[in-house]
Each structure stands twice: as C-alpha cells, then as structure tokens.
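Given next are the chains, with one letter for each unit.
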There are 4 protein chains.
Amino acid sequence: MSYSVAVAGASGYAGGELLRLLAQHPEFEIRTVTGHSSAGRPLIESQPQLRSLAHLTLQETTPEVLDGHDIVFFALPHGASGEFTAQLTSVRLAVDCGADHRLTDPADWDAFYGGEYHEAWTYGVPELIVAERAADGAPIWTHQREHLAGATRIAAPGCNASTVALSLAPGIAAGVIEAHDIVSVLAVGPSGAGKAAKTNLLGAELMGTANPYAVGGTHRHIPEIRQALRGAGAAGEPSISFTPVLVPMSRGILATSTARIVPGTSAAQVRAAWEDAYAAETFVQVLPEGQFPRTADTLGANTCLIGLAVDEAAGRVVVVAALDNLAKGTAGAAIQSANIALGIPEATGLSINGVAP
Amino acid sequence: MSYSVAVAGASGYAGGELLRLLAQHPEFEIRTVTGHSSAGRPLIESQPQLRSLAHLTLQETTPEVLDGHDIVFFALPHGASGEFTAQLTSVRLAVDCGADHRLTDPADWDAFYGGEYHEAWTYGVPELIVAERAADGAPIWTHQREHLAGATRIAAPGCNASTVALSLAPGIAAGVIEAHDIVSVLAVGPSGAGKAAKTNLLGAELMGTANPYAVGGTHRHIPEIRQALRGAGAAGEPSISFTPVLVPMSRGILATSTARIVPGTSAAQVRAAWEDAYAAETFVQVLPEGQFPRTADTLGANTCLIGLAVDEAAGRVVVVAALDNLAKGTAGAAIQSANIALGIPEATGLSINGVAP
Amino acid sequence: MSYSVAVAGASGYAGGELLRLLAQHPEFEIRTVTGHSSAGRPLIESQPQLRSLAHLTLQETTPEVLDGHDIVFFALPHGASGEFTAQLTSVRLAVDCGADHRLTDPADWDAFYGGEYHEAWTYGVPELIVAERAADGAPIWTHQREHLAGATRIAAPGCNASTVALSLAPGIAAGVIEAHDIVSVLAVGPSGAGKAAKTNLLGAELMGTANPYAVGGTHRHIPEIRQALRGAGAAGEPSISFTPVLVPMSRGILATSTARIVPGTSAAQVRAAWEDAYAAETFVQVLPEGQFPRTADTLGANTCLIGLAVDEAAGRVVVVAALDNLAKGTAGAAIQSANIALGIPEATGLSINGVAP
Amino acid sequence: MSYSVAVAGASGYAGGELLRLLAQHPEFEIRTVTGHSSAGRPLIESQPQLRSLAHLTLQETTPEVLDGHDIVFFALPHGASGEFTAQLTSVRLAVDCGADHRLTDPADWDAFYGGEYHEAWTYGVPELIVAERAADGAPIWTHQREHLAGATRIAAPGCNASTVALSLAPGIAAGVIEAHDIVSVLAVGPSGAGKAAKTNLLGAELMGTANPYAVGGTHRHIPEIRQALRGAGAAGEPSISFTPVLVPMSRGILATSTARIVPGTSAAQVRAAWEDAYAAETFVQVLPEGQFPRTADTLGANTCLIGLAVDEAAGRVVVVAALDNLAKGTAGAAIQSANIALGIPEATGLSINGVAP
C-alpha cells in the first residue's frame, strides 16, 4: 500500500525534516509540496540537503492543492493551518505540526495564543502516559498511542512541550512526584524558532552565547505541558516554571526538569516509575543510572533519551531529556503518529540511531 | 605604587585570563609566571593571545619562585594550592582561584572534594550580601566587600557558585524568597573545566550539542552556594537542585535560578529586593523588567548581569544571570577583590563592556 | 544474502559512523565490534547515539577476533591496520579506513608517514575518474568503480584527499585545467582528527575560532591527492598548495580548490568537464551554475556536492566541494566501495539526503 | 585634549565595536550616537554589552546631528555615508567604515558596487606598505601611516581586503612573490555581514556548517585588494582568486593566501620580507617559523597575526593571517588611523591582547 502525501509549509525547517523522513518511508509517496513566498520555485532551493527530492516544485498552499491526498502534513506558523483544515473534505489523515489543534481548553488558547480557537485533535505523542477512569472510578493507565489508532486528525506536539511531558508523566502517573512546583529549564537550538528572518535569530547573535527568552511563565508550550500532565493523572493542577535558553546548536533540546518527590518514596521507586512506563518503548528510552543523554545522541533520530537522578538533599528528581526538536520533537512524532493512525508498523521509516559526533 | 605580581598556573585558562586583566591594570606589574608541564617554555606558546606578555617565560611552580612577590594569584587545580600557600611567608596578598580555601566547613570539603582540608580564606565576591548580627541579635546587612578590605588571603569564588549566589542572595536577605527548594540550571562553556586533555571535552564532543554533567546534586559548587546563601541570612538550611549543562560556547555561564516566593510578597517587593541590593554596584547590574541577559553581553567583562521575572502561576521568581566564567567568574573577581584588599579603587583595570557579538 | 561484518576500532568516530551506516544496510550483519582501551565495555558507552546496537560489546582488536567474518572494516589509527591485515586469511573483503594501504609509492609513505610500508589496496572512491591507456596509447577514461568490482582489499580514502581529488579530477581528465599549481584550502571539522584526547582539540580551543594546521605542504593527504590526480591523467606532475583550517563544526569538509584554466578553454567547456564526469553519479553531484554547497547539506549523507565557478579575471576555476568527512569522506565511501566489490547495488544502505539545518 | 565624537550607525556591529573601543580611549568623548530604525531608543537596547554607555540615546542619522563634532565615525551600509559626508562642513576628522570612499578608480566602483561614485579618502591601514617613486624613478617604500598623518578624511578598510593586503604586500614590495595568480580563501564570521535580518544569516543556517559565498571573483573587496597590492609596488596588474567561507564563529577572519615565489628566491629571503616589513609594528606581527595564528588569538584586539610557510614543492608561499573583523578589521583600524591623523600616540585606546579561549 502506498499513501499519497502532501506537505504544506515544505520550505521551512519542520517541513524539511518531514520530507527527509517521508523520503525514507516505504509506504508514503510525497506527491505535493507547498510553500508561501517560495511557491513556484524548486524545492531544492529551500531544502538543498534533500537531493532525492530535487524533482519537486513548491506549489501554493491552498485547500485545492492539498485536498485529495491520502495524508496532508501541515508545517505552518500557528494560526495558519486552522483555516485550511476544515476545507479538506477528502483527506483521510491530516497531521498538524503547528499549534492550532493542540489545546483542549479555549481559555488556554486565548491566554497564550489568541485569535480564533480551533478544536483539539488527537495529540501526537504515542508514548505519553494517559490516565482514564474505569466505571468504578479507578484509574487505568494507557499510552496515547491507544488514542491514535484510527485517528484521522492528529496534532503533532510542541517540541519543548513533548520533551517535558515525556520527562515527567511517568512520575506523575505513578504518584511518585508532585505535579505542583515543577521547574524545567531547556537548552534549545534555534531551528525550533523557524526560518523567518529575525535579527535576534541571526548567527552573530546566537553563536558563542546562551540567550534566554520567554522567561517568567510566558512560553506558549506551558499550557500544553500542563494539559499533558493533567492527562497523566496529576493530583491537583500542575504548575511549572519553564525557561528556554537558546544555545549555539542548530538542532536539539536538552530539558532539565525537576519535581518534588512525594514524601516516603524511595529512590528505587522513583526510578521504577520511568523504567516501567517506557520499558516497551522503542523511541523513548531511559538510560541506566548515572548516565545522561546529550542532544547529539538524538540528532536526526526519532528518539527521546532520558536520564534520571534522585537528589535526596534537594528532595527532587532531576530528569534530563534529550531529543531532536525537528525529528522526534516534530516531524518524527508526526510520522510515528501517522503510522499508528493508519495501522502501519509504528517504527516504519524512523531511525533510533543519531548522527554523532 | 606598583605591586609585584606572580601568577601560578599561568598556562591554563584561568591563568591566561588573570594575565590578560593584570596586563591592563596600572598598579600591578606581572613579574613571574609559573606552569607545570610547560615550565621553561615561553608563556606565549600557552597563551598566544597575550601578545603584550611575549617576553615572559614560565617557571616552575614552587614556593621559592612565588615567595617574595607582593601578590600571588593561584590558578591551579583544586588541591594544589593548599600545599603551597602555607609556605609563602613574605607575600602580602595571596588570591587563590582554586577551591582549596573556599569552604568554611570541613565536612563540606570531605563530602565534595576529599583530601586534606585547608582553612577558608576571605571569600572574593565583593557584591555578595552578608548578614551579621548586632548585639541585640538584629540582622545587619553588608556586602562581602566590607570583609575584603585589608584582607591578605582571598579565595576567589567558583564561577558557577558565585553566579548562583549573586542571583539569589538579595531575595534571601530581603526575606522575599525561600532558601529551601531552589532550582538552578546552568548553561556553561567548557573553559570552566580547564585545559587538561579529556575525551569528553573534545571539540567534536561538545559542538552542536548540549551535554549535562554532575546531575543529581553532585557538583562541587553546591556546598559553596549553600554557604553563601546561609551567609546571606537564609532562614533555615538552603537546599538547591543544581544542574550544569555544557553548551557550545567557549566561555560563559547563563544560570537560570528559581526560588519560591514567600507567600504574601508582591511582585514589586520581589524586584525591589534585587534592585536595592545592587543599586550601587558597578559590576552586578539588574536589568529593567522584561529584559534578560545573554552571556555574550558579558564576554571579557567583569560584569554579572541579572534579569528577573516573577512567575505568579508558578509561585516562583526566575532569576537569569549571565557572566563570563573566566572574567567576573574567576579572574575578574580575584582582581576586584585584590583591589579592595589593597585599597586600590575597586574597578581599576576592569571593564564593564563586553565583546559582542 | 547476508554478510557477517566486523568493525575494528568501533569506539572511535570513523568506527561509529561505519556502524551507523551498517546498521541500516539490509545485506550486512554487524557481528563483531572491537576496541582498544574500551575492549570489554558495551559499545553504547562509546557510541551512545547508536541505540540499535546497544546489545554489542567491544572485543579486543586481534586477528583471531576479526578473522572468519565475510567483511572486516578497519577504523584504526594509521600504522595499526597494516600489521593485522596480512593475518586475515579467511576474510572475503577487508576495507581499511586508515592510511596504511592507500599509497602506491613507498617513497610517499616514507616522506609523509614513515614506518613500515604496506602495499596499496584498491582505492575506494568509486566516482574518481581514472585514465588508462589503450593498446595504441590512447587514453581511456573510466571511473574507479570499474576497479572496485570484485576487489577483496579496499583502501577507503583520506577524507580531505578524496574531497580534493573529486573536485579536480574531471577538469584534469578533460584537459581543461592544469594539474600544476593547484591551490586548495579546506574548512574542516575536528571529528576528522579522531577521538584521542589532545589539548589542541579541546572544545574551548576550537569553538569560536578558525585554527589552521599542517600549513606549508606537510599534510599527509597531499601525496594521496597527487596520486589521484596523476591517475586522472594529469599531464605532468601535479603540484598543490594544501591548507586545512579547523572550524567550529563537529563534522564536514568544505574544500575550495582552484586551478588554472588551460588557455583557450571556454567557461562552458570547463563546466562541461565536471557535468559530464558526474552526470550519471548518484553521490557526486554538480550544482547548477551560481549555486554552491554548504557542508550542512551533506551531513550524514553519502554525497559530495560540487559548485563551480570560472573566474576569468583570475584565470582559474574555483571548485567548492562539500562532504561529511565521516560519511562520504570515510565510512560511506567504505560501504559504497564494499557494495561494488560484492556486487550489491551501489547505493544500498546509503542516503543522499542530509540532516539540515 | 579631549575630542568630541559622533558615531553614525551605532546600532550595528561595526558601530558597537567602535563604541567599545572609543569608550576606553582617553582622548575621545562619545557625545552622539545615531541609528536608523532604532533612533529614539536607548543605545543599550541595541548594544546590551556596552554597559558604560547606558546613558546614551540613539538619534537620527542626519548631517545636522553629526556636524559640529571634532570627529565623526561612519558605520553605515555602503552607499549611505557618501551622501552625508559632503555636508559635514565643521567636522575636523571623518572616518568612514563603509566602502564609499575606498576605491580610487571609479570603474572599480561601477563594476563591484554601482551607484554614485565618491572620491577616495586616505586609506586607513597604517601598516600597509606603499611604494612611491623618487624623482629618478626609484621606488621608495613607506607605510600608509605616513599618509595618514594630518588626514581629515579617512576610509577605514574592508575587513577581508585589509587582511589579504597585509598578508601579501610585504612580499610584493620586496619582489619575492608574484602579484599575479594569487589565491586567497577566507574563513569568516557572520558579523562582517552586518545586523540586517536575512534568512541566509540565521543561526540555524550557519551553525555546524561552512557556507561559501561570492565565489568566482565577485566579492566587493577584490578591487580594494588589487588597489592595495598595486600600491605596494606590484610589477604588473595583480590578479587574485578570492573566496570567502562563512564559518560558525561570530567574529574573526582567517585568511589563507598563497602566491608564487619569484624563481631564485630562497625561503629565508621570503620570510625576511615579512619580518622586515613589520619588524617595528605593534599591531601586525609575524609569528616565528612553524607557528600560525588562530582567530581566537585576536578576538577583541587590534592585532593582525601572520604565519608564513614556504611550500617548496608547490612553489608558493602560504600566508595565514588572523584578525578580528570588527576590531582590527574595521573599528580598530578606524581608531588607530584617527590617532595617527590627530597626532595622538598610535596605540592609544587599543589592545594587543585577545580574549581567549
């Protein structure tokens, strides 16, 4: 079986990574790529690294161009996909890498994005632990992949949000850490900010320096993280101090997240929560005690690597998670989720080996 | 007046920065430089950037070579200076950039370093707020500079430790934040790890990637931070979750520190604590609301720049501090402290302008 | 058909890249990995990015361990493989990524390496143009791939050498440029220098700076380049001024090579030489006029991308070639050559899409 | 004596470096700073590293604002200063860091820039060797500094141009190298391209990669180099193949230049040409044989460091020159030239020590 695929926003960073991964996927056939200012130009001008796609030309991003494909991946700035997606009447599966369909609560959308709210789609982080309630009220733990099977509309995650959610959900689901008073600080590469020309993203501004941004609780991924942690069964409303720092690497997120350990929990119980949650996972791996990941270990791969330490003096667990913001953080999550939705083996077209050094 | 100066460990990174700053200091005359494996070689081979010092030759690091100078700066690996310093009978001022004389509690030394304990010297962070007790027990707030006046033995700070201590001491002294449950995550450049050849510090291992280390409460600067925060008048024993992350910049520390705001404190009161503490300072500056520092802004300068946000949803203050680990973090702190000790104007030979971009 | 494979020197950078590519090769089964100081340890400790190979343990690099595999790849420091290779009596195909078997002239070995000379093996740059002589003395142009078919001993190229050889061989073979007075300057990443801990390769020494080395005609890849250009049919002995410059990227080579255009040659004739030589190639591509490659476009890919300009005022062609030193420059070339030798489709297991940005 | 100074274009990279150097100059008083889109805003928003200038506000760049100062430094895009400079009737000294007044030949301006030609001002590279003719036609060698004494209008050099000119002029003046068939390849940081937001200068485009540009003889600094080499007494018209490569460092130029050695010249004679030319210089230094500079050695300093090798097999001298494009390459050259013009000691306010690592 081969599915016809369109990628909207193919000239940007997320679009490029989608295409790189799609090009090595045996079941997907890239039929259409669209852009905005680059429409009408060869794709290879925007994505000179994608030599196997040199034959493609960027078209305009319109419903007419996109409709009719089996699958459409959207890699547009937030606010841009929402207007299109309602018009795709004959698309079997739409996957949005933007923010438009991630938040279940319109109040969160208003507070952090603004503009028209669009309904939430199925969240595209298959390994995320989610809690459901049995008829008798008892919690039943599943992974988000259960909800992705058969989905037709998928919201790929925010790269920072999924890194932090994957870092903390196991401890929350297992009841070994508090969802309140979490602190996350992320070292992130600038490709996550997109390809638009901005002075503060110039090479000369970012090389040789660490630059914080969105300090003090204003980053748009915060409600998405809280939503995921609530979904993992947090007792009480999660709260998080979240600070991203741009560092001189083109790709990658290294998230250091700490949460208070629930009193009376042993270090072994803490570690077991994460090891159990991800024991069967291919793409989310917990490293042995004393080992911590580097972002380089995940470059180009669909992996989220997690190292864990219990700091007894501080009463906190420290979870360090690394992933490639464009791969597992965005495009890889989108394709992995699409595989699940379509019933294709989940790992198809995705690698767990990074390009390092 | 001109003071004769020796620098021990002049072939390393901290030694090089000491020399760069000393070379532009009008009151200090660099007379002697010493090294270990490079003894007997021209300094310029180890420090090719210091063209004005091309006439100097590295000597052996021995008490005989060092004694007799007005001032000796030590930039040796920890454990190395302790054995020398007792033998310097005719040195007016010794400043140790290593760890040997920083900790007041031998138990901290044992727990984090080990080996022979050496008594603590006067701590070389002039702007650090310290609390004393009046006869009636009331606290009296001063800065560490008061203790440095006339000092003859000074312990320059750990670069990470002083960044975090300067970040949080004002809030603790003012009683607006809790000293308990602090979280600090630092983006740091590898020059802080020194010039010894180690595989994990190779360029190929560090470029394009963020690498955590000493995760989970094991970093040696932790007791130094706690000591400084106790000194600032912490109510109760400070606790801190401290995680450094190596990022691809040769120099610089960007420390993101968060602490819980004492209930009932307004955002304005929080900000005022920092602005008041550093209002008269040249080298520690609090940026206006909404502004946060980049490490590039401090490159080569003796500044610690601090940005501050109150995250009401998280109940925490977020303090982002930037400094140059070799300058204000080490060599600049050493020279600034020496200026104070000797009664020279504090800013002599030190710049507040960074080299950027 | 599945071939059993051993990789000697699997803990280093070239070894890691071999394994990354081998792991995605459908015909090769990685059975044995060997190391030196890391023997006995899990491979994943040395190559934490290779999650799919977490089950492998490094063994000692001995003839006994290596013999008996269908294929052995050597990724050892120069001088180390020569002693082993003679003892591999039952290995169908040996591919050496070191220098030991590259040079056909013992005098070149003596002048640039020294120590025992080992006979040259079939050179592993399939796209390289080579000139042969017909019975009547007329030149016959082929590609090196013709010589690789059926080979049992292959010398993978020096990464810098193959970049320059691929850059210039077409013009020499076509007689449109002079082989005399070539100038090549290369921006190179430090992974090409290997994983041994050396002070001059520390991150702090290489970030934010460009560092030349082996200036003035001393680099060991020079005789290999001259040998390749002679093989391409150079009229007269080639001469080259060759200067590598370490720049802050972990991987990559950007070689800028210039050669004098033979008088009377038109710009179109110059360009045609390259376009004709590589018209049928998958992995060596000539970009359209006015376009030049970035190393990022080749990251992780088996491509050498070439941009070409005729500078009429200078009377020189400027050829800018980009490749990934570990991929197409070493491990990719080795596997591509092995594919050819074994009669497997040449592109098996190799990608032409880079990981960018 | 204190001179009043205005800096036009103070919000950009060259403007920032001018201000950093001016701030430490004892004879110059920064009175006025101007910008374009940032006019009306505090300087510190554009130049957050210049803490000592936090009191300054950017004004509009108009003749009225600029006229009346003793000295005006222009750091504007090319084409922008020419229109102003004629209107500055009461400015004692104007120094243009742009290209508008560098070229003596209008045909060069037309070919490489276009638009209105403005007359050339005195060229601001004091150490450049220039040849004059005595009454009897014999050459007389001087340095450009002779021409700068008393100058009232100075054209600071192009950063790449001065690096190459300083690299080669000694050999040309001494007659030991040919001015024909020079090849220069430069590793350059992106700050030289200015602060305007362009997609191709984004951090994500430049980190971890080497990107060539202006390949094939189109770079605008080429006529400036040829002009300087003619001025150095080149026998015949100079020709140069010139290729710049953007590499991941915010500042710095490492120029590798090669030229053919005049037959019959010994290696010692070659080296002597450079050593003699710069023997008395503070800011241009020739390193001992076998040593080559890194750009890091010049960061923030007003130095151009030169390493030299004779490659006898290639028949070429290889000259590797490092400088900080914003310091010695632009702002430092401007201030050094201004010092000379005004009769202030040449090194006033300028350092020869770099900030490394």
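Given the structure is predicted, the values throughout are model-derived calculations rather than measurements. (Residues numbered from 1 in each chain as written. Chains lettered and ligands numbered in written order. Predicted model: local features only at pLDDT ≥ 70, side-chain atom pairs only at ≥ 80, totals over all residues. Heavy atoms only, no water.)

(A) Molecular detail of the relation of the copies chain C and chain D. With an axial shift of 0.0 Å and an RMSD of 0.0 Å, the rotation relating chain C to chain D amounts to 180°. Overall, the copies show the geometry of a two-fold rotation axis. No C-alpha of chain C approaches the rotation axis more nearly than that of P248 of chain C, which lies at 2.8 Å. Comparing interface residues between copies, 100% of those in chain C also sit at the interface in chain D, which points to an isologous, same-surface contact. (Least-squares fit on C-alpha atoms with pLDDT ≥ 70 in both. Contact = heavy atoms within 4.5 Å.)

(B) Spotlight on the interface of chain C and chain B. Taken together, the contact between chain C and chain B spans 20 residues of the former and 20 residues of the latter. Between chain C and chain B, a total of about 1,500 Å² is buried, with carbon and sulfur atoms accounting for 71% of that surface. Counting the surface chain C buries against chain B, the share from its top three residues, L202, A204 and M207 of chain C, is 40%. Between the two partners, chain C and chain B, sit zero salt bridges. Linking chain C with chain B are four residue pairs in polar contact (both at pLDDT 80 or more). Of the residues forming the side of chain C that touches chain B, the biggest block, four residues, is contributed by helix α8 (residues 203-206) of chain C. (Buried area = accessible area lost by both parts, 1.4 Å probe. Salt bridge = Lys/Arg side-chain N within 4 Å of Asp/Glu carboxyl O. Polar contact = N/O pair within 3.5 Å; in protein donor to acceptor, adjacent residues only side chain to side chain. Helix = DSSP H or I, 4+ residues; strand = E, 2+ residues; numbered from the N terminus.)

(C) Highlighting the interface of chain C and chain D. The interface of chain C with chain D comprises 41 residues on the first partner and 41 residues on the second. Of the roughly 3,200 Å² buried between chain C and chain D on both sides combined, carbon and sulfur atoms contribute 63%. The tally of links from chain C across to chain D stands at six salt bridges. Counting only elements with at least two residues in the side of chain C that touches chain D, the list comes to β10 (182-188), α8, β11 (211-212), β12 (240-246), β13 (253-260), β15 (304-311) and β16 (316-323) of chain C. Classifying every residue of the side of chain C that touches chain D gives 23 nonpolar, 11 polar and seven charged. (Nonpolar A, V, L, I, M, F, W, Y, C, P; charged D, E, K, R; others polar.)

(D) Looking closely at the UniProt feature "domain: Semialdehyde dehydrogenase NAD-binding" (unreviewed entry) in chain A. The sites that UniProt annotates as "domain: Semialdehyde dehydrogenase NAD-binding" (unreviewed entry) are residues 4-136 of chain A. Between the C-alpha atoms that bound residues 4-136 of chain A there is a distance of 44 Å. The span itself is 23% helix and 23% strand. (UniProt positions renumbered as here; feature names shortened; annotations may be inferred.)

(E) Region of the structure containing the pattern of salt bridges. Summed over all chains, the structure comprises 80 salt bridges over all chains. Residue D324 of chain A pairs with R251 of chain A through a salt bridge whose shortest N-O separation is 2.8 Å. Of this pair, D324 of chain A sits in the loop between β16 (316-323) and α11 (327-342) while R251 of chain A is found in the loop between β12 (240-246) and β13 (253-260), placing the two residues 73 residues apart along the sequence. Here E281 of chain B and R145 of chain B are joined by a salt bridge, their closest N and O atoms 2.7 Å apart. Of this pair, E281 of chain B sits in the loop between α10 (267-277) and β14 (284-286) while R145 of chain B is found in helix α6 (residues 145-148), placing the two residues 136 residues apart along the sequence. R145 of chain B matches E281 of chain B in its accessibility class, with the two residues each being buried. The network of salt bridges with common partners includes E178, D181, R260 and R316 of chain A together with E178, D181, R260 and R316 of chain B. (Buried < 20%, exposed > 50% of the residue type's maximum accessible area, 1.4 Å probe, protein only.)

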